[in-house]
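Each chain, letter by letter, is given below.
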Amino acid sequence: MRRPKSKEFRKQQRISEESEIELLKSWIETQKPESGSNPLSLPPLPKNAPVGRVDDTAFSRYAGVGRFEQLPLSKKTKDGLRAAKFVSMTEIQRASLPHALCGRDILGAAKTGSGKTLAFIIPVLEKLYRERWGPEDGVGSIIISPTRELAGQLFDVLKSVGKFHNFSAGLLIGGRKDVDMEKERVHELNILICTPGRLLQHMDETPNFECSQMQVLVLDEADRILDSGFKRELNAIISQLPKRRQTMLFSATQTKSIQDLARLSLKDPEYLSVHEESVTATPTLLKQIVMEVALDQKLNMLWSFIKTHLQSKILVFLSSCKQVKFVFEAFKKLHPGIPLKCLHGRMKQERRMAIYSEFCEKRSVLFSTDVAARGLDFNKAVDWVVQVDCPESVASYIHRVGRTARYKSVGKSVLFLMPSEMQMFEKLKAAKVPVHYNKPKKELVQPVSTLLASLLVKYPDLQHRAQRAFVTYLRSIHIQKDKEIFDVMKLPIDAYSASLGLPMTPKIRFLNQKIKSKAALAKAILDEPENQEEKNGLEISKKNLDSSDSEVEETENDLLLAADNTKEGEGKASEDTEIMPATRILKKKKLKINVHRPLGTRVVFDDEGHTLPPLARIADTQSGKESLLLDPEQKAEYYRKMREDLKKADKEDKLLERQRRREKRIKQKMKWKEGNMDEDDEDDVSGSESDKATARPNKKSKVYFDSDSDDGERNEVTGKGAIGAGSVSLEEQEALALKLLNSMHS
Ligand SMILES: Nc1ncnc2c1ncn2[C@@H]1O[C@H](COP(=O)(O)OP(=O)(O)OP(=O)(O)O)[C@@H](O)[C@H]1O
């Protein structure tokens, strides 16, 4: 048992800490690097040069030094670093620590596995130490991570390097059942490592939790946290933090968007991108291969890869939970000769953490969604990263392959690209990613599809999983933003279905619609329009058919919006409306609202059911002339009034929405208390990368889908502002529609 330290001892300790702090402050102040300078451009200190106080007034230079012990750090931090065997700094640490230690805001970018974690953990510890932060001071620093696993890993680094400090630190992540206990303790914690959803939950619900005095905010994987998927959470968090604070942003793919940075109110941030000049955007010890693999050959190729790498640690990325589950379950039944594991957002948190730790320790294959794509450091020893499904962007590719070849270790990666996705190869090369094209050796491929077919006959539940994997995969391609690469219409759908072992190709509703609308457009073109006006319109439609899918998407949207979308002055529904084919679409059009529709393009029907452009209404009532002959002042007045009305309606909507959310949260809180929450449900919604669901569990909600969502709708959050950021449910859309209509008619 530890003997309590005597009063005298504590007094002595305090005095020595105070004098150390005085010394550190003077050292930092007198030797701080020029703002905007790059410490890496300075030579290292000569060997045996004195460190710290050099004489009565002078201190040694700390910008540009190469070892941690040459920095103005407390003895406690130096001891922690030494104990964890950190001696020399990596480039990003050398570049950013001198600026961060003197309290500057930092925007740090460096390749994956290059040591960014210590570049922010050390300044956090030091700032609080120099401020003599104690339990009674509450939250001093908040470190935000996009995923629970990464937050857990950061927490481990903090515990290891900060083990000689006396700060209290907490890991606040979703999916943990002990939220009530957390609520009792959270206000005593000095350093919080958290996911955005859980932090916001405490901000909203925990009575004595407040962060008004906090000193340092860190966003790890900053570009991910700043993207539209976390926009609402982050804005709400930032609004509760003091403006006077140090803010540090780190990522391998850093944001440069002024808008993003403005949201964080950074003060003259130091932009430290240490590998910007580097010839490659990925670690130099990483060997990267691209292989062209047809969709129906992907599982054969993956199976063959695993069978020929039985002694390796392999991380396999697939694009949705359902694919991960199916491939994992099916391959497990086929006993490849290496342990298999899976990680995705629908798993319980304890299981997720356990799988993560097991994979760190043992040789195995881990099938994962993008939940493992960022930040995770699997003990440096992943041999292969295999991307079976194409990443949604170059940034996403860089993070996925970054799980191997970390720090000074070597690693290899292989990306399967379908013929229709080969554009990604070009994009990677253009982004300084040194990928090499390898032709797959067909003679080495060990087919697995026939084995899968017999498995599916034997296990009906596996067949069900295969069907769901099939649909969610196609859907994940369908909703991708980059239509140059992702084109669901180019996929060999029947062959793909057979390759999963399915006896019949499952029906895909969204695809049928797409095919129908394409067919209808084609038919309309062949039908030869009778008048020239129509013909011109169809020429455009034909272009849509020929050109990129995004245009076809737009056409589809137009179909959904048919009654809403006639162009002003045309006086008739668009060509798209004329050839509208499917009844399903007709039903939908009543519900969907095109929020991007230009002002004043709403169709108004007169008593006979004819459409009138909006301005024609005032023209008719006031002058009896056509809308085009309207008095410009009248027109301007009309628009001004409309804008005012819309603004008013918008304000009311926001108020209502806020009220609705508050009520929802209270309801959820009650639910939790009654113990009704099923953790799996919670994960369903968040798709888990974030713990957003913790704050807003709602299984069917579309609003929070992300890469891990079980519908494979990874794009909703990461890239697509419209759904993720707008977060408009069907009911809300209808309410909004009614409001807009009312304001138009008033
Ligand atoms: N100064 C150092 N000396 C030795 N090892 C280090 C040092 N700094 C970091 N490392 C090790 O390098 C590995 C990668 O570090 P870290 O996880 O911080 O990388 P990262 O840049 O944050 O990567 P990612 O972009 O993938 O999040 C870790 O295993 C870490 O322990």
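Definitions and limits used
- Residues numbered from 1 in each chain as written.
- Predicted model: local features only at pLDDT ≥ 70, side-chain atom pairs only at ≥ 80, totals over all residues.
- Heavy atoms only, no water.
- Helix = DSSP H or I, 4+ residues; strand = E, 2+ residues; numbered from the N terminus.
- Buried < 20%, exposed > 50% of the residue type's maximum accessible area, 1.4 Å probe, protein only.
- Contact = heavy atoms within 4.5 Å.
- Areas by Shrake-Rupley, 256 points an atom, 1.4 Å probe, with all protein chains shown as cover.
- Arc of directions from axis to C-beta.
- Pairing = 2+ DSSP bridges.
- Axes fitted to C-alpha atoms, helices over the stretch in contact; angles between N-to-C directions.
- Phe/Tyr/Trp six-rings, centres within 6.5 Å; stacked < 30°, edge-to-face > 60°.
- Lys NZ or Arg CZ within 6 Å of the ring centre and 35° of its normal.
- pLDDT = per-residue confidence, 0-100.
- Salt bridge = Lys/Arg side-chain N within 4 Å of Asp/Glu carboxyl O.
- Parallel < 35°, antiparallel > 145°, perpendicular 65-115°, else oblique.
- Left-handed = near helix turned anticlockwise from the far one by under 90°.
- Nonpolar A, V, L, I, M, F, W, Y, C, P; charged D, E, K, R; others polar.
- Right-handed = clockwise from strand over helix to strand, strands pointing away.
- Near = heavy atom within 4 Å.
- Polar contact = N/O pair within 3.5 Å; in protein donor to acceptor, adjacent residues only side chain to side chain.

Scanning the chain from terminus to terminus reveals 30 helices and 16 strands. Taking all 746 residues of the chain together, 54% fall into the buried category. Considering only contacts in the chain between residues 6 or more positions apart, those separated by 24 or more positions represent 75%. Split by element, the accessible area of the chain, about 34,900 Å² in all, is 53% carbon and sulfur.

On to helix H9 (residues 231–238). Of the positions making up H9, those classed as buried are Glu233, Leu234, Ile237 and Ile238. Along the axis of H9, the buried positions cluster into a sector of 125 degrees, meaning they face one direction only.

Before going further, it helps to examine the sheet that holds strand E7 (residues 270–273). Read from one edge to the other, the open sheet built from seven strands follows the order E3-E4-E2-E5-E6-E1-E7, with strand pairing classed as parallel. Edge positions in the sheet fall to strand E3 (169–172) and E7, since each has one partner strand and no second. For this sheet the average axis-to-axis angle between neighbouring strands, irrespective of direction, equals 10 degrees. Relative to strand E5 (residues 216–220), strand E2 (residues 141–144) runs parallel, the two sharing four bridges. Residue Ile144 lies in a different strand from E5, and its bridge partner there is Leu219. Contacts from helix H5 (residues 148–161) reach E2, E3, strand E4 (191–194) and E5 within the one sheet, and its direction differs from that of E3 by about 170 degrees.

Next up on the list: the packing of aromatic side chains. In the structure shown here, the tally under the stated rule is ten aromatic pairs. Each member of the aromatic cluster is reached from another via a ring pair, and the members are Trp303, Phe331 and Phe367. Sitting over the face of the ring of Phe425, Lys429 holds its NZ or CZ atom 4.3 Å from the ring centroid.

So, on to the confidence of the model for the chain. Residues of the chain with pLDDT of at least 70 account for 73%, and the chain-wide mean is 78. Here residues 620–629 is modelled with pLDDT under 50, and outside its nearest four sequence neighbours on either side it reaches eleven contacts, counting other chains as well. Predicted confidence for residues 676–728 stays below pLDDT 50, and this span has 182 contacts to residues more than four positions away or in other chains. If you check the scores for this complex, the pTM reads 0.71 and the ipTM reads 0.99.

So, on to the pattern of salt bridges. Going through the model one piece at a time under the given rule, you end up with 31 salt bridges. Between Glu17 and Arg132 there is a salt bridge; the shortest N-O distance is 3.5 Å. Residue Glu17 is found in helix H1 (residues 7–31), and its partner Arg132 is found in the loop between helix H4 (116–130) and E2; the two are separated by 115 residues along the sequence. Relative accessible area serves as the criterion here: at 12%, Glu17 is assigned to the buried category. Owing to a relative accessible area of 33%, Arg132 belongs among the partly exposed residues under this scheme.

Moving on to the pairing of strand E8 (residues 286–292). In terms of burial, E8 is largely enclosed, as five of its seven residues are buried. Here E8 runs beside strand E13 (residues 411–417); their pairing, made up of seven bridges, is parallel. Counted as the bridge partner of Gln288 is Ser413 from E13. Of the pairings in the sheet, the one linking E8 to strand E14 (residues 435–438) comprises four bridges and is parallel in character. Across the sheet, Ile289 pairs through a bridge with His436, a residue of E14.

With respect to the helices and strands, the residue Pro503 is situated in the loop between helix H18 (493–499) and helix H19 (509–526). A relative accessible area of 63% places Pro503 in the exposed class. Linking Pro503 and Asp204, residues 299 residues apart in sequence, is a C-alpha distance of 50 Å.

The next point concerns the sheet that holds E8. Reading across the sheet, the seven strands line up as E10-E11-E9-E12-E13-E8-E14 and stay open at both edges, with parallel pairing between neighbours. In the strand order of this sheet, the two ends are held by strand E10 (340–343) and E14, each with one partner. Across this sheet, the average inter-strand angle for adjacent strands is 20 degrees, counted without regard to direction. Taken strand by strand, helix H11 (residues 298–307) contacts E8, strand E9 (314–317), strand E11 (365–368), strand E12 (384–387) and E13, and its axis lies near 160 degrees from that of E13. Seen against the sheet, helix H14 (residues 394–401) touches E8, E9, E12, E13 and E14 and runs at an angle of roughly 150 degrees to E12.

Let us now look at the packing of H11 against helix H12 (residues 321–333). Here H11 crosses H12 at 55 degrees, and the two axes come no closer than 12 Å. It follows that H11 is oblique to H12 by the angle criterion. Every pair of crossing elements has a handedness; the one defined by H11 and H12 is right-handed. In this structure, H11 contributes Leu299, Leu302, Trp303 and Ile306 to the contact, and H12 contributes Phe326, Val327 and Phe331. Looking at side-chain class alone, the contact of H11 with H12 contains seven nonpolar, no polar and no charged residues.

Turning to its location among the elements, Ser420 is positioned in the loop between E13 and helix H15 (423–430). Not counting residues up to four positions away in its chain, the partners in contact with Ser420 are Glu484, Ile485, Lys490 and Leu491.

So, about the pairing of E12. Across the two faces of E12 the burial is the same, with Trp384 and Val386 and Val385 and Gln387 all buried. In this sheet, E12 lies alongside E9 in parallel orientation, the contact comprising four bridges. Within the sheet, the bridge partner assigned to Val316 lies in E12 and is Val386. Two strands pair when backbone bridges link them, and E12 and E13 are joined in this way by four bridges, in the parallel orientation. Its bridge partner lying in E13, Trp384 is registered against Lys412. For the crossover from E12 across H14 to E13, the handedness is right-handed.

What follows deals with the site of the ligand. Around the ligand, 20 residues are found, and the nearest of them are Ser88, Lys116, Thr117, Asp377 and Arg406. Gly113 places a main-chain nitrogen or oxygen 2.8 Å from an oxygen atom of the ligand. Isolated, the ligand exposes 640 Å² of accessible area, and the fraction of that covered by the protein chains is 91%. With three residues, H4 is the single largest residue contributor to the shell around the ligand. For the shell around the ligand, the class distribution of residues is four nonpolar, nine polar and seven charged.

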